[in-house]
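# Summary of structural features
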Number of protein chains: 2
Amino acid sequence: MVTIKDIARDTGLSPATVARALGGNGPTRPETRQRVHEAADRLGYVVSSAARSMRNQSSDMVGLIVPDIVNRFYSEMARAIAAACDARGLHFLLAVTDDDPDRELRQMRAMVAARAAAVALVPGPHSHRSMIALAERQPFVQLVRRSEWLRSEWFGFEEESGLETATTHLLSLGHRHILLACSGDRYSTGAARQRGYTDALKKHGLSVDDALIRAGEPTVAHGRAAIADIPPHVTAIITAGTLLTEGAVDVLTDRGVSIPGDLSIVGFGIEKWLQWWRGGMTRIIPPVDVLAETCAEHLLSRIGTEAAGYSSGTGVIGHPTVFEIGQTTAPAAT
Amino acid sequence: MVTIKDIARDTGLSPATVARALGGNGPTRPETRQRVHEAADRLGYVVSSAARSMRNQSSDMVGLIVPDIVNRFYSEMARAIAAACDARGLHFLLAVTDDDPDRELRQMRAMVAARAAAVALVPGPHSHRSMIALAERQPFVQLVRRSEWLRSEWFGFEEESGLETATTHLLSLGHRHILLACSGDRYSTGAARQRGYTDALKKHGLSVDDALIRAGEPTVAHGRAAIADIPPHVTAIITAGTLLTEGAVDVLTDRGVSIPGDLSIVGFGIEKWLQWWRGGMTRIIPPVDVLAETCAEHLLSRIGTEAAGYSSGTGVIGHPTVFEIGQTTAPAAT
DNA sequence: GTGAAAGCGCTAACAT
DNA sequence: ATGTTAGCGCTTTCAC
């Protein structure tokens, strides 16, 4: 391994001077700098970020912990944070939890072990209590979902109003029995979306039929399962999640259900295909790119400030979702 | 920052004993280990991976450098590598290049600076020459695309035969003027896909019309541009890339082109919606999940072996693609 | 403008 | 089974 010492030996300078020449910190004659850089290139020198962060007591890594990097929701976050990091000379530590609390904890420990400059987390269900102490050790934000224990800023969406709008749309079309596929209340998003749905029903003076709330994991599999049996009086469904929408569409396509003739459907997501499916799906669109940008900026701006800079009441930013009416919802048959 | 020294002071032991108790390496009395762990938990100790990698002359980081993490092609790779890392107690450094050679080089330097245990790269166009030396410093593989300069193992797809199959399919349906949207030959995949297309034409004794090969960047924008003007005698198109397919579908939907009545189309990709679009798109499917798995296993298995373990002729693994015939291709009008 | 020296936190070698 | 010591590569005083 080529070190600063090797360059010092090669150029006949001291390690200190070499470091200054390379880092551009202290004073160095331009000629010296030249000579040092030439030697560094020739010998193939690359700094050791381990040594540097040891000395500096901080690294240039920013961490992101997500349930699933294939999900576009989260890969957009990764893209935005990676871009923001690159612009600032920071680097990017990605961790995937698969919504497993143990894995989540391991990854959070790894972030602390790496002395990450900042960490963003999409918390899974039942986060371990020891996450709290780990989160306090650097600037930290929660994304999309919010754990009740973790005191931190949060960047997410106004899930309730999104679902309320969607539900109201169906009610105004005359639908009275609306099936909701969503994630369970162990996920803050699942809970919020259920609230939005039930609130809309209550505002219209309707009672909530618990059998029509199909809560489960936010997966394609649950999307399928949630509509495996649709009671005959149901005339509309809402799939309140990207993967749930995908699973439901898969089943509906297989069955050859006529949309919106037999059934109205409101989907959820940002994927382009939603606007191509059956002439364009009526859907809830979380503006993920905006959120990702906002959050990346904020998180990185907090680097260097005190870690636990969170004062309760601040920094809870719910971004509104967009509701787009397409061809998959129509008045209920009378 | 709580260090081993603090635990040593707290327990009245020496730093070395504490390290042994925590790491489980050297011999320690169970009772001592107990005491040390209790103190570590109480004080909130988390090991410094910087210090550890400095001492060990190696880190527990595995790097992946991709053009675009939102592209499912690459997020699948990330998922597979992240999972494989987690299973082995390694961690995951992700870098995004946006197909910018400068950014690619910066990210590769960062990997070397972090003394990554292994690195996988999806090379962009015109990789810098200095990538060569950086690649040699740890186990290294190329993914999907292949740079001619970089000597390393490669995991990708049999792009040529995939395109040849697709083109032959259209030829056998009687199409004689087939437009190809693809990436330029600065991308190894673009070049290979073009070869597959022209080979098929030549085998059928047809000449290649260069005006029908629309090469550009692998982006949605180019997918749109490539079919902005379709010459009247063209009866079929192939969009040889995921984002190109997306862009083309967007335009075709806007224009209300009848598929396959007016035009046959062969797409490319793994996304679920391809099988929903117009009753299922005829398409080339690269089995990305298999490739990702294979590559992750291989890369991690090489950790600890000599870095430049590449002998020419070895390790060029092109995985076959799948060709699925859907509802978007039909016999050419006569 | 340059050099000498110290120390970041950890662990392995060696001594007890 | 535990303690002592040294050093990984870098940067930052502090001298000169």
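Residues numbered from 1 in each chain as written. Chains lettered and ligands numbered in written order. Predicted model: local features only at pLDDT ≥ 70, side-chain atom pairs only at ≥ 80, totals over all residues. Heavy atoms only, no water.

## Here's the deal with the pattern of salt bridges
Where charged atoms from two side chains of opposite charge approach closely, those side chains can pair. Per the stated rule, a full pass over the model turns up 38 salt bridges over all chains. Where Glu217(A) meets Arg186(A), a salt bridge forms, and the shortest distance between an N and an O atom there is 3.1 Å. Here Glu217(A), found in the loop between strand 7 (213-216) and helix 10 (220-226), pairs with Arg186(A), found in the loop between strand 6 (178-183) and helix 9 (188-203); they are 31 residues apart in sequence, far enough to count as distant. Between Glu31(B) and Arg29(B) there is a salt bridge whose closest N-O contact spans 2.9 Å. On the basis of relative accessible area, Glu31(B) is assigned to the partly exposed category, the value being 48%. A cluster of three or more residues bridged by salt bridges with shared partners is formed by Arg72(A), Glu76(A), Arg79(A) and Glu293(A). (Salt bridge = Lys/Arg side-chain N within 4 Å of Asp/Glu carboxyl O. Helix = DSSP H or I, 4+ residues; strand = E, 2+ residues; numbered from the N terminus. Buried < 20%, exposed > 50% of the residue type's maximum accessible area, 1.4 Å probe, protein only.)

## Focus on the relation of the copies chain B and chain A
If you rotate chain B by 180° and push it 0.0 Å along the axis, it lands on chain A with an RMSD of 0.1 Å. Taken together, the rotation angle and the small translation identify this as a two-fold axis. (Least-squares fit on C-alpha atoms with pLDDT ≥ 70 in both.)

## Notes on the packing of helix 1 (residues 4-11) of chain A against helix 2 (residues 15-23) of chain A
All names here are of chain A. Direction vectors running N to C along helix 1 and helix 2 enclose 105°, while the axes themselves pass 8 Å from each other. Compared by their axis directions, helix 1 and helix 2 come out roughly perpendicular. Where helix 1 approaches helix 2, its residues Ile4, Ile7, Ala8 and Thr11 are matched on the opposing element by Pro15, Val18, Ala19 and Leu22. Residue classes in the contact of helix 1 with helix 2 are distributed as seven nonpolar, one polar and no charged. (Axes fitted to C-alpha atoms, helices over the stretch in contact; angles between N-to-C directions. Parallel < 35°, antiparallel > 145°, perpendicular 65-115°, else oblique. Contact = heavy atoms within 4.5 Å. Nonpolar A, V, L, I, M, F, W, Y, C, P; charged D, E, K, R; others polar.)

## Describing the protein's contact with DNA strand D
The environment of DNA strand D is formed by 26 residues, the closest being Ile4(A), Tyr45(A), Arg55(A), Pro27(B) and Gln57(B). A share of 59% of the atoms of DNA strand D within 4 Å of the protein falls on sugar and phosphate groups. A distance of 3.5 Å is found between a phosphate oxygen of DNA strand D and a backbone nitrogen or oxygen belonging to Ser48(A). Contacts to DNA strand D include Ser14(B), whose backbone N or O atom sits 2.7 Å from a phosphate oxygen. Secondary structure elements with two or more residues in the surface near DNA strand D: helix 2 and helix 4 (49-56) of chain A together with helix 2 (15-23) and helix 4 (49-56) of chain B. (Near = heavy atom within 4 Å. Polar contact = N/O pair within 3.5 Å; in protein donor to acceptor, adjacent residues only side chain to side chain.)

## Things to note about the domain arrangement of chain A
Along its sequence, chain A is organised into domain 1 (4-43), domain 2 (50-157 + 289-319) and domain 3 (159-286). The distance between the C-alpha centroids of domain 1 of chain A and domain 3 of chain A comes to 63 Å. (Domains from an automatic or database assignment.)

## Comments concerning the sheet that holds strand 9 (residues 264-268) of chain B
Residues and elements named next belong to chain B. Sheet architecture is open: six strands sit in the order 7-6-8-9-10-12, paired in mixed fashion. At either end of the open sheet lies a strand with only one pairing partner, and these are strand 7 (213-216) and strand 12 (322-324). Each neighbouring strand pair of the sheet contributes to a mean axis angle of 15°, computed without reference to strand direction. Where strand 6 (residues 178-183) lies against strand 7, four bridges are found, and the strand directions are parallel. Residue cysteine 182 lies in a different strand from strand 7, and its bridge partner there is alanine 215. In the packing of helix 9 (residues 188-203) onto the sheet, the strands contacted are strand 6, strand 7, strand 8 (236-239) and strand 9, and the crossing angle to strand 6 comes to about 160°. (Pairing = 2+ DSSP bridges.)

## Re the protein's contact with DNA strand C
Around DNA strand C there are 26 residues in total, and Thr17(A), Met54(A), Ile4(B), Tyr45(B) and Arg55(B) lie nearest to it. The sugar-phosphate backbone supplies 59% of the atoms of DNA strand C found within 4 Å of the protein. Here Thr32(A) contributes a side-chain N or O atom positioned 2.7 Å from a phosphate oxygen of DNA strand C. Between a base oxygen of DNA strand C and a side-chain N or O atom of Arg55(B), the distance comes to 2.3 Å.

## Side note on the interface of chain B and chain A
The interface of chain B with chain A comprises 48 residues on the first partner and 48 residues on the second. Roughly 4,100 Å² of surface becomes buried between chain B and chain A when both sides are summed, with 61% attributable to carbon and sulfur atoms. Considering only the side of chain B, the residues that lose the most area to chain A are Val46(B), Val70(B) and Trp276(B), jointly responsible for 17% of the buried surface there. Taken together, chain B and chain A are joined by six salt bridges. We note a salt bridge from Arg106(A) to Asp86(B), for which the minimum N-O separation is 2.8 Å. Where chain B meets chain A, there are 20 residue pairs in polar contact (both at pLDDT 80 or more). No other element matches the eight residues that helix 5 (residues 72-88) of chain B contributes to the side of chain B that touches chain A. By residue class, the composition of the side of chain B that touches chain A is 26 nonpolar, nine polar and 13 charged. (Buried area = accessible area lost by both parts, 1.4 Å probe.)

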